[in-house]
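Results of the structural survey
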Amino acid sequence: MNYLYLLIEVIIVFLLMILFYRVGKKEGLFIYIALMSSILSIVMFKVFDILSFQINFGLPIIMGIFTANNIIIQRYGLDEIKRIIYTFGFSYILTMIIMNLVSLMTSSEYNIISNNSFDQLFGYNLVNLRCFVGGFISIGFMLWFNGEVYYYIRRDKNKLIFSNIGSILIIQFIESMIFVVICYLGLYDIILIFGMIVIRYLLKVVIGVVGLLPVYLLVKMKDK
């Protein structure tokens, strides 16, 4: 069931990317990044098990943001990196602030059960706070450093597929390591943390390879 959920999420994430680009071109991709960042700040606190390791929800969303980042760089240049990072950061933080304000609302007898579940996700507890900070730092760093790596590989090889695969293999391991260490160091032993990093990394590599198709389609698509 977890694999099926991932597959459905991957399909939705990349179909939305194509749709947003077809409708809004570059601005559509920025709106897409804002939307995905907002959704990510909500779902990333839940976890599921893969091979007995806990993995946070939202990996396809992260790879959607990453892929949109590569498309923008490929089509419009490295100067767009700052705007990409600002778009991610503003949407991510604003959504989390709104969700936490909502979580402070007084529970009623009618919605006390749902509010308890809601508070588990968005309450001010240490694990959720660490996940929020870990996501902000790791993805922000991913977007910035990926711009440098992707542009360097592209300048050296000038091959679309090679640039994307190279940046996926390098950047996603660093992002996985930063996120898991910030979120879970001290909560789990080192072996479990290493396993979480590896599984997270491998899943994102697979999703990133699937995302090469929309990258190729959108980069080759001419703006009208």
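To be clear, the structure that these remarks concern was listed above.
Keep in mind that this is a model prediction, so the values were computed, not measured.

About the cut-offs
Here the residue numbering is sequential within each chain, running from 1 through the sequence in written order. In keeping with the model being predicted, local features are shown solely for residues with a pLDDT of at least 70 and side-chain atom pairs are shown and tallied solely at 80 or more, while totals for entire chains, interfaces and linings include all residues. Note that water and hydrogens are dropped before the side-chain values are worked out from all heavy atoms of the structure. Going along the chain from the N terminus, every DSSP run of H or I of four or more residues is numbered as a helix, and every run of E of two or more is numbered as a strand. Only protein chains enter the accessibility calculation, which uses a 1.4 Å probe; a residue whose area is less than 20% of its type maximum is buried, one above 50% is exposed, and one in between is partly exposed. Any two residues whose heavy atoms approach within 4.5 Å at even a single point are treated as in contact. For Phe, Tyr and Trp, where Trp contributes only its six-membered ring, two rings pair if their centres lie within 6.5 Å, and the inter-plane angle classes them as stacked under 30 degrees, edge-to-face over 60, or tilted in between. By the criterion adopted, a ring carries a charge over it if an Arg CZ or a Lys NZ lies within 6 Å of its centre and within 35 degrees of its normal.

Our next topic: unusual backbone geometry. The backbone phi angle of Lys-25 is positive, close to 55°, even though this residue is not glycine. Relative to the helices and strands, Lys-25 resides in helix α1 (residues 2-43).

Relative to the elements of secondary structure, Gln-172 occurs in helix α6 (residues 160-184). Under the relative-accessibility criterion, Gln-172 is labelled buried at 0%. Leave out the neighbours within four places in its chain, and Gln-172 touches Met-63, Phe-66, Met-142, Ser-167, Tyr-201 and Lys-204.

For the coordinates displayed, the defined rule picks out twelve aromatic pairs. Taking 5.2 Å as the distance between ring centres and 35° as the angle between the ring planes, the aromatic pair formed by Phe-88 and Tyr-92 counts as tilted. Residue Phe-88 and its partner Tyr-92 are both found in helix α3 (residues 81-103); the two are separated by four residues, about one turn of the helix. Given the relative accessible area of 1%, Phe-88 is considered buried. Residues Phe-141 and Phe-145 carry aromatic rings whose centres are separated by 5.4 Å and whose planes lie at 25° to one another, so their mutual orientation is stacked. Taken together, the residues span about one helical turn, with Phe-141 and Phe-145 both in helix α5 (residues 126-157) at a distance of four residues. In textbook terms, an aromatic cluster arises when at least three aromatic residues are bridged by ring pairs, as seen for Phe-88, Tyr-92, Phe-132 and Phe-136. Its end group placed over the ring of Tyr-76, Lys-26 keeps NZ or CZ at 5.2 Å from the ring centre. Sitting over the ring of Phe-179, Arg-200 keeps its end group 4.1 Å from the ring centre.

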